[in-house]
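Residues per chain are reported as follows:
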Amino acid sequence: MIFDIGLLLGRKNPPLVGLDISTSGVRLVELSEAGKNEFQLECFASEPLPRGAVVDGNIENIEQVSEAVRRVWKKSGTRAKYVALGMPPASVITKKIILPGGMSDEQLEMQVESEASQYIPFALDEVSLDFDVIGAAANSPDDIEVMLAASRKEKVEDRVAVAEAAGLKPLVMDIESYAARAAIDRITGQLPKGGQGQIVALFQIGAQVTHISVLLDGQPIYEREQPFGGNQLTQDIVRAYGLAFEEADTKKKAGDLPETYESEILNPFLESAALEVTRAIQFFFTSTPYARVDQLFLAGGCAIIPGLVDIVASRTKISTSVVSPFKGMKLATGVREKQLRIEAPAYLVACGLAMRRFG
């Protein structure tokens, strides 16, 4: 639990939407309970953002982003006003620390603040700070392991301001990589033996950045970001056909490009993407004690590019699939199943944020 902005007003699991704000757009997901440890997808929707509205995870134009949030909320049909938001991993400092057990909440808070000053390169009054008690420390049962999380206040406040300007009420601020992990845990739980002992690599390929998480039994053993994403393909289209960026992006998604597109533009991009994934896997092997990956998942808006999953599987020799965070969920009557199948991989973070309703 990171940056709880408000309590859930004493109600058990009130309606809460996950709202993912990325470079390319905003995505919204609402889930409800459909039995023990089962969810139903109530609604999902997305809305593109103008170029420059969000840059490197920073909100540069609050008005444009809040307008997109307002539109996506209306388009989704949800009535939920409470939202869980995500922060880019690069904007959050996280640190596991060991503290003495048996402290009161007040003492623990003071101790965390004291420890935090050692790890945070900003004055404490400039940051939003939160912590989560993980449990007893492994090698010292009298101590506790605590996860510390901190972000610059203005970065948190920008996201809060966007939600509030759209008429929504932010309750939770999570870290995007943690939200994605929560969503992927559901999927790995559907693997043989619940994914126990499996090393799973998750590649979230966004517009500008690819976020890599390697997990073992649900715990991250390696994380990294690489400056590679779908905008590179759009830029290639811009250069090849003399289109404006927005027009190139629209035609890319619609498949409305000249016959030469596949051989001259798409195939070289797919080769480049597969090379990025292969290099990242090799880097994981050389910088950790691990020498295998059992399952590779692709997510993000780029994961659905035709041919990507096949070329990655071929180059890496690892079982590879495009991940849908909604796999195994029930669908509400209004959910457009065909559209969901196409767009689902882009909703990993939004889905994980929506799951915070049940945390």
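Residues numbered from 1 in each chain as written. Predicted model: local features only at pLDDT ≥ 70, side-chain atom pairs only at ≥ 80, totals over all residues. Heavy atoms only, no water.

Visitor: What is the right way to read helix α3 (residues 153-165) from this model?
Guide: Counting along an α-helix, one turn takes 3.6 residues, and residues three or four places apart therefore face a common direction. Taking 1.5 Å per residue, 13 residues should reach 18 Å; α3 reaches 18 Å between its end C-alpha atoms and fits that length. Of all the positions in α3, only Val 156, Arg 159, Val 160, Val 162 and Ala 163 are classed as buried. The buried residues of α3 occupy an angular sector of 155 degrees when projected down its axis, which confines them to one face. Gly 167 lies just past α3 and shows a positive phi near 85 degrees. (Helix = DSSP H or I, 4+ residues; strand = E, 2+ residues; numbered from the N terminus. Expected span 1.5 Å × (residues − 1). Buried < 20%, exposed > 50% of the residue type's maximum accessible area, 1.4 Å probe, protein only. Arc of directions from axis to C-beta.)

Visitor: How should I be thinking about a nonpolar patch on the surface in this particular structure?
Guide: A contiguous nonpolar surface patch, about 230 Å² in accessible area, is contributed by Ile 304, Val 322 and Ile 342. Within the secondary structure, Val 322 is located in strand β15 (residues 320-322). (Patch = residues over 30% accessible without salt bridge, like charges linked within 9 Å, V, L, I, M, F, W, Y side chains within 5 Å. Areas by Shrake-Rupley, 256 points an atom, 1.4 Å probe, with all protein chains shown as cover. Salt bridge = Lys/Arg side-chain N within 4 Å of Asp/Glu carboxyl O.)

Visitor: Would you mind showing me how to read the side chain of Ser 91 here?
Guide: Looking at the secondary structure, you find Ser 91 in the loop between β6 (82-87) and β7 (92-100). Residue classification places Ser 91 among the buried residues on the basis of a relative accessible area of 13%. Beyond its immediate chain neighbours, meaning those up to four positions away, Ser 91 contacts Asn 58, Ala 150, Ser 151, Arg 152 and Lys 155. (Contact = heavy atoms within 4.5 Å.)

Visitor: For this particular structure, what's the right way to read the sheet that holds β6?
Guide: In a beta sheet, neighbouring strands pair by backbone hydrogen bonds and run either parallel or antiparallel. Taking strand neighbours across the sheet as the criterion, the six strands line up as β10-β6-β1-β2-β3-β16 in an open arrangement whose pairing is mixed. Each edge of the sheet is formed by a strand with only one pairing partner; in this case those strands are β10 (169-175) and β16 (330-331). Here strand β1 (residues 16-21) runs beside β6; their pairing, made up of four bridges, is parallel. Each residue of the ladder has a partner; that of Gly 18, found in β6, is Ala 84. Relative to the sheet, helix α1 (residues 62-76) contacts β1, β2 (25-33) and β3 (39-48), its axis offset from that of β3 by approximately 140 degrees. Across the face of the sheet, helix α4 (residues 176-188) comes into contact with β1, β3, β6 and β10 while running at roughly 80 degrees to β10. (Pairing = 2+ DSSP bridges. Axes fitted to C-alpha atoms, helices over the stretch in contact; angles between N-to-C directions.)

Visitor: I keep staring at the pattern of salt bridges and nothing clicks. Help me out?
Guide: Applying the stated criterion across every chain, the model contains 15 salt bridges. A salt bridge links Arg 71 to Glu 67; the nearest nitrogen and oxygen atoms lie 3.9 Å apart. Taken as a pair, Arg 71 and Glu 67 lie in helix α1 at a separation of four residues, close to a single helical turn. In this structure, a network of salt bridges that share partners links the residues Glu 47, Glu 67, Arg 70, Arg 71 and Lys 75.

Visitor: In this structure, what is going on with the nonpolar core? I would like to understand it.
Guide: The nonpolar side chains of a soluble globular protein tend to be buried, and buried together. If you look at the biggest cluster of nonpolar residues, it comprises 37 residues, and the most contacted ones within it are Val 29, Leu 31, Leu 41, Phe 326 and Leu 348. Within the residue set of this core, elements represented by two or more residues are β2, β3, β6, β10, α4, β11 (199-205), β14 (295-299) and α10 (348-354). Aside from chain neighbours lying at most four places away, what touches Leu 348 is Ala 179, Ala 180, Ala 183, Ile 184, Leu 202, Gln 204, Ala 299, Val 323 and Pro 325. (Core = buried A, V, L, I, M, F, W, Y, C linked by side-chain atoms within 4.5 Å.)

Visitor: What exactly am I supposed to notice about the pairing of β2 here?
Guide: Buried residues dominate β2, accounting for eight of its nine residues. One ladder, built from five bridges, connects β1 with β2; its direction is antiparallel. Its bridge partner being in β2, Leu 19 is matched across the sheet by Leu 28. The pairing of β2 with β3 spans nine bridges and is classified as antiparallel. Within the sheet, the bridge partner assigned to Val 26 lies in β3 and is Glu 47. Linking β2 back to β3 in an antiparallel pair, the connection comprises five residues, with Gly 35 at a positive phi of about 120 degrees.

Visitor: I keep staring at a negative patch on the surface and nothing clicks. Help me out?
Guide: A surface patch of like charges, here negative, comprises Asp 105, Glu 106, Glu 109 and Glu 113. Its location among the elements puts Asp 105 in helix α2 (residues 105-119). Note on Asp 105: relative accessible area 65%, which makes it exposed. (Lys, Arg positive; Asp, Glu negative; His and termini not counted. Charge placed at Lys NZ, Arg CZ, Asp CG, Glu CD.)

Visitor: Help me understand unusual backbone geometry, please; the structure alone is not making it clear to me.
Guide: Note on backbone geometry: most residues besides glycine have negative phi, and most peptide bonds are trans. Positioned with a positive phi, Asp 56 is a non-glycine residue whose angle comes to about 50 degrees. Within the chain, Lys 193 stands out as a residue other than glycine whose phi angle is a positive 60 degrees. For Lys 193, the position within the fold is in the loop between α4 and β11.

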